[in-house]
Amino acid sequence: MTEATQQPATGWIFDLSGGRLCLDFANTVGGKRGTSPKERLNSYAELVSWSQQVGVASEARARHLLAEGERHPKLARTVLEHAKELREAIYRIYLAVVRRERPENGDLELLNRELSKALAKQQLVREKNEWVLGWADANAMDSMLWPVAKSAAELLTSEEAGRIRVCEGILAEECDWLFIDETRNGSRRWCSMSDCGNRAKARRHYQRQKKGR
Ligand SMILES: [Zn+2]
């Protein structure tokens, strides 16, 4: 094995500020959807890299998936396209939840189909002398989508669904990420203070200066 194959699939470090797996998956588009999107899943290798960074795939499994992706490039492309369809459906569902609207049937159907598949793949596995609820066929090329679908369903049916927010960067056409607001008084406004929060602060400062002149 060469040293290169031990490195993560791509150099991109994903920002995991969503607070739940399904939201971090929805946030694999930077910028703003529709106007200035920055796609972070440009290849199957990047999807595998995300899976490894969020802990859905171990290093060994990520290596296996990458090798599979190289062996079956057509299937890898199909999985990537499907992953992005699922991601956008999850994003739209949760944006509707934030806006207290009913999600589109087509999006719910897509998530339900993935959920059925995921639940059919769940099984008891032995890990480090303990029984855990794991996955059958975990080396399948689309196996990273099962925990994502499960996470999306669990969040939607939990009390936490009321704490999902969209970053206020959406108003400045800069960022439309989703996150769970875990502050006690429900006051979190930005996906991250160091990024969108800071940008907004700088913008307010600039506007005040302009008015002062
Ligand atoms: Zn943001």
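What counts and how
Residues numbered from 1 in each chain as written. Predicted model: local features only at pLDDT ≥ 70, side-chain atom pairs only at ≥ 80, totals over all residues. Heavy atoms only, no water. Phe/Tyr/Trp six-rings, centres within 6.5 Å; stacked < 30°, edge-to-face > 60°. Helix = DSSP H or I, 4+ residues; strand = E, 2+ residues; numbered from the N terminus. Buried < 20%, exposed > 50% of the residue type's maximum accessible area, 1.4 Å probe, protein only. Axes fitted to C-alpha atoms, helices over the stretch in contact; angles between N-to-C directions. Parallel < 35°, antiparallel > 145°, perpendicular 65-115°, else oblique. Contact = heavy atoms within 4.5 Å. Nonpolar A, V, L, I, M, F, W, Y, C, P; charged D, E, K, R; others polar.

> Any chance you could explain the packing of aromatic side chains here in plain terms?
For any pair of aromatic rings, the description rests on two quantities: the centre-to-centre distance and the angle between the ring planes. One pass over the full model with this rule turns up two aromatic pairs. A centroid spacing of 4.9 Å and a plane angle of 55 degrees characterise the contact between Phe25 and Trp50, whose relative ring orientation is tilted. Here Trp50 lies in helix α2 (residues 44-53) and Phe25 lies in helix α1 (residues 21-26), a separation of 25 residues in the sequence. Comparing Phe25 with Trp50, the two get one shared label, buried. Ring centres of Trp135 and Trp146 lie 6.1 Å apart, and the angle between their planes is 45 degrees; on these two criteria the pair is classed as tilted. With Trp135 in strand β4 (residues 130-135) and Trp146 in helix α6 (residues 145-156), this pair connects stretches of sequence that are 11 residues apart. Note on Trp135: relative accessible area 22%, which makes it partly exposed. When its relative accessible area of 1% is taken as the criterion, Trp146 is described as buried.

> When you look at the packing of α2 against helix α3 (residues 59-71) in this model, what are you seeing that I'm missing?
Helices that pack against each other are described as a pair by the angle of their axes relative to one another and the distance between those axes. Interhelical geometry of α2 versus α3 gives an angle of 170 degrees and a closest axis separation of 10 Å. As far as their axial angle goes, α3 and α2 are roughly antiparallel. The segment α2 lies against α3, with Tyr44, Ala45, Val48 and Gln52 engaging Glu59, Ala62, Leu65, Leu66 and Gly69. Considering only residue class, the contact of α2 with α3 consists of six nonpolar, two polar and one charged.

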